[in-house]
Amino acid sequence: MADPQGFLHIVKKEARKRPVAERVHDWNEVYAPQSSAERAAEVSEQAARCMDCGIPFCHSGSAGCPLGNLIPEWNDLVRRGRWSAASERLHATNNFPEFTGRVCPAPCESACVLSLADTHTTGSVTIKRIEQAIADVAWDSGTVVPKPPMIATGRKVAVVGSGPAGLAAAQQLTRAGHDITVYERDDRLGGLLRYGIPEFKMEKAILDQRLMQMRAEGTHFVTDCEVGVDLTVEQMSGNFDAVVLAIGALRARDNTTVEGRELNGIHLAMEHLVTSNKECEGDGPADITAKGKHVVIIGGGDTGADCLGTAHRQGALSVTLLDYNPELPTERDEAATPWPAWPMVLRTSPAHAEGGVRRYQVAVQRFLGDANGNVRSMVLAEVEVTREDGKRIITPVGEEIELPCELALFAIGFEGVDLGPLLDDYGLSPTRRGALSCGPDWQTTAPGVFVCGDAHRGASLVVWAIAEGRSAAHAVDVYLTGASDLPSPVHPTALPLAVV
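Residues numbered from 1 in each chain as written. Predicted model: local features only at pLDDT ≥ 70, side-chain atom pairs only at ≥ 80, totals over all residues. Heavy atoms only, no water.

Trainee: Account for the layout of surface pockets, with residues named and values stated.
Mentor: Space inside the second largest pocket adds up to approximately 170 Å³. Taken together, 13 residues line the second largest pocket, and the ones lying closest to its centre are Arg 433, His 456, Arg 457, Pro 492 and Thr 493. Split by residue class, the lining of the second largest pocket holds six nonpolar, four polar and three charged. (1 Å grid on protein atoms, 1.4 Å probe; cavity = no way out; pocket = protein on both sides within 12 Å on 5 of 7 lines; lining within 4 Å. Points joined across faces, edges and corners; volume = space filled by probe spheres on them. Nonpolar A, V, L, I, M, F, W, Y, C, P; charged D, E, K, R; others polar.)

Put into structure tokens, the structure is as follows:
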């Protein structure tokens, strides 16, 4: 069993990062490289801090990991140096731990029992770091191999979208013996993993190695193909027995009412991230660059932080992040978000440590341009945020401030699925939240058409996308064969634990 006192004498230790002065000059991952022996020793020691709780909230579907990752089990296997067995247990619930170990914000850690006592020696187990180490060791040692199906059902399924939800559904269904084709409208596979996540957060070689495994298992991929346009819904119906829509929630929120929004140099955050990721892929210089510019990022979430780190690496003169909300506390407010719920606290990413200024309770009033139609500055005002009939009201309350700005990026979230022929031809309409609804079997109102991931949930975490992809695969397998041994970790109506 686990060491019940490990957390008392082992200091919590996160992975070391490369110096800021070094990492902002390249696109490599921010964490310092370690030898295999050093990594194994350090991570095994950290795994020994896990108490193997009687009720492990870390892998509770409502409070911790929606995938139901068997965290105490693989923590103990790592503690004992049984890395291959740990990989087996990890992959039993998670198709892509090398993704989640890098880009998931780890709700499992906030639900860890040790997060109740966050001191220099205690605090949550470093679950995310252990997960990444298990995955990386498995790839380095050759433990991760293709698992082609033992049978062929003769049934054909199309998966539309190659983000984490689509890839998870495709891998599960391929392994169940179905003939799977994944359609991606971009020129490369991966969805937001490819073009939304910067290289310094997850090097794309990590994604490519998993795609190679999936190809070897028999999954087919088609890029540069927009279903509904290049391939009609009628053609899909004639060629496939079922369809899974994993099209994401890529319709970005904008603010077109701000005076001066039409000026050159004002973009949506994803436009900036996509073009910089394409440059990292070797497609030539980015069309949108922060080099030599004063940059202002509107929005204080993960997308804004990704733009921040990208702007640093492109050589921005200055970067300012704006948030109309008050600054959050650094410690959990037990009255507002009691453990094990996801805490509303100030979150910092490695990009925040690289520079930039965060300003709170401010909002853009207007943009100012130069004689050539380029943005040169923005006017801000201090604001107060209230709610009326469920709607957010942002009211200026302070003096206006003019801020230099030659590149402005809106990182204020997503409104839902992209609209177009695909949804029209299937007769599907987004809900008020911009998502696609489904029944308890993940099937939409279009017979044989299923939905999962952000397209169903709205913009969310990679771990929820994988969980929904796995669950939708189970539902498709049942639809095609009448029964299924595939796991189904979440229900379509599942929500994270929250205080209401």
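Trainee: Kindly report on empty space enclosed by the protein, identifying the contributing residues and their values.
Mentor: Considering all chains together, one arrives at three cavities of 30 Å³ or more under this definition. Estimated volume of the largest cavity: approximately 110 Å³. Looking at the largest cavity, it is lined by 17 residues, and the ones nearest its centre are Cys 50, Cys 53, Cys 58, Cys 112 and Val 113. Sorting elements by how many residues they give to the lining of the largest cavity places helix α4 (residues 71-79) first, with three residues. (Helix = DSSP H or I, 4+ residues; strand = E, 2+ residues; numbered from the N terminus.)

Trainee: Explain the packing of aromatic side chains to me, and be specific about the residues and the numbers.
Mentor: Scanning all chains against the criterion turns up six aromatic pairs. With 4.8 Å between their ring centres and 65 degrees between their planes, Phe 57 and Trp 339 make a pair best called edge-to-face. Here the residue Phe 57 occupies a position in the loop between α3 (36-47) and α4, and Trp 339 occupies one in the loop between β8 (318-323) and β9 (357-360), the gap between them amounting to 282 residues. Seen in terms of ring centroids, Tyr 183 and Phe 240 are 6.1 Å apart; in terms of plane orientation they differ by 90 degrees. Their pairing is edge-to-face. Placement of the pair is Tyr 183 in strand β2 (residues 179-183) and Phe 240 in the loop between α12 (233-239) and β4 (242-245), with a sequence separation of 57 residues. A relative accessible area of 11% places Tyr 183 in the buried class. Directly above the aromatic system of Phe 240 lies the positively charged group of Lys 156, at a separation of 5.5 Å from the ring centroid. (Phe/Tyr/Trp six-rings, centres within 6.5 Å; stacked < 30°, edge-to-face > 60°. Buried < 20%, exposed > 50% of the residue type's maximum accessible area, 1.4 Å probe, protein only. Lys NZ or Arg CZ within 6 Å of the ring centre and 35° of its normal.)

Trainee: Describe helix α17 (residues 462-481), with residues and values.
Mentor: The end-to-end C-alpha distance of α17 is 29 Å, a good match for the 28 Å that 20 residues give at a rise of 1.5 Å each. Taken across its 20 residues, α17 has 16 buried, putting it largely inside the fold. Once α17 finishes, Gly 482 follows within two positions and takes phi at roughly 95 degrees, a positive value. (Expected span 1.5 Å × (residues − 1).)

Trainee: How would you sum up the pairing of β8? Please name residues and give values.
Mentor: The buried count for β8 comes to five of six residues, which makes it a mostly enclosed element. Of the strand pairs in this sheet, strand β7 (residues 294-298) and β8 are connected by five bridges, and their pairing is parallel. Considered in β8, the bridge of Ile 297 is made with Leu 321. Once the chain exits β7 it traverses helix α14 (residues 302-314) before rejoining the sheet at β8, and the crossover so formed is right-handed. Note that β8 and β9 share four bridges and pair parallel. Note that in β9 the partner of Thr 320 across the bridge is Val 357. (Pairing = 2+ DSSP bridges. Right-handed = clockwise from strand over helix to strand, strands pointing away.)

Trainee: Can you explain the environment of Ser 318? Please cite residues and give values.
Mentor: Note that Ser 318 resides in strand β8. Separated by 39 residues in the primary sequence, Ser 318 and Val 357 have C-alpha atoms spaced 8.4 Å apart. Each residue touching Ser 318, except ones within four places of it in the same chain, is listed here: Lys 293, His 294 and Val 295. A distance of 2.8 Å separates polar atoms of two side chains, one belonging to Ser 318 and the other to His 294. (Contact = heavy atoms within 4.5 Å. Polar contact = N/O pair within 3.5 Å; in protein donor to acceptor, adjacent residues only side chain to side chain.)

Trainee: Describe the environment of Glu 14, and please don't skip the residues or the numbers.
Mentor: Considering the arrangement of structural elements, one finds Glu 14 in the loop between α1 (6-9) and α2 (20-23). For Glu 14, a relative accessible area of 40% puts it in the partly exposed group. For Glu 14 and Pro 340, which are 326 residues apart along the polypeptide, the C-alpha to C-alpha distance reads 21 Å. For Glu 14, the residues in contact, after removing those within four places along its chain, are Thr 126 and Arg 129.

Trainee: Could you give an account of the pattern of salt bridges, with specific residues and numbers?
Mentor: By the definition in use, this model includes 31 salt bridges. Of the charged contacts in the structure, one is a salt bridge between Arg 23 and Glu 354, with a shortest N-O distance of 2.7 Å. Note that Arg 23 is positioned in helix α2 and Glu 354 in the loop between β8 and β9, a separation of 331 residues in sequence. As far as the burial class goes, Arg 23 and Glu 354 line up, both buried. With a shortest N-O distance of 3.3 Å, Glu 402 and Arg 376 are connected by a salt bridge. Of this pair, Glu 402 sits in strand β12 (residues 391-404) while Arg 376 is found in strand β11 (residues 375-388), placing the two residues 26 residues apart along the sequence. Judged by relative accessible area, which is 41%, Arg 376 ranks as partly exposed. Because the salt bridges share partners, they merge into one network encompassing Asp 187, Arg 188, Arg 194, Asp 208, Lys 278, Glu 281 and Asp 283. (Salt bridge = Lys/Arg side-chain N within 4 Å of Asp/Glu carboxyl O.)

Trainee: Tell me about the sheet that holds β4, residues and numbers included.
Mentor: With respect to topology, five strands assemble into an open sheet ordered β3-β2-β1-β4-β15, the strand pairing being parallel. Edge positions in the sheet fall to β3 (220-222) and β15 (449-451), since each has one partner strand and no second. Looking at each pair of strands side by side, their axes are set apart by 20 degrees on average, direction ignored. (Axes fitted to C-alpha atoms, helices over the stretch in contact; angles between N-to-C directions.)

Trainee: Report on the side chain of Glu 29, specifying residues and quantitative values.
Mentor: Along the polypeptide, Glu 29 turns up in the loop between α2 and α3. When sequence neighbours within four positions are dropped, the list of residues in contact with Glu 29 reads Arg 18, Arg 102, Gln 132, Glu 199, Phe 200, Lys 201, Met 202, Glu 203 and Ile 206.

Trainee: Quick one: what's the story with unusual backbone geometry, residue by residue and with numbers?
Mentor: Cis geometry is found at the peptide bond from Trp 339 to Pro 340, where omega equals 10 degrees. Mapping Pro 340 onto the fold places it in the loop between β8 and β9. The residue Ala 106 is not glycine, and still its phi comes out positive at about 65 degrees. For Ala 106, the position within the fold is in the loop between α6 (97-103) and α7 (107-110). Among the residues examined, Ala 106 registers a relative accessible area of 6% and is labelled buried. Backbone geometry places Trp 442, a non-glycine residue, at a positive phi of 70 degrees. Along the chain, Trp 442 falls in the loop between α15 (421-426) and β15.

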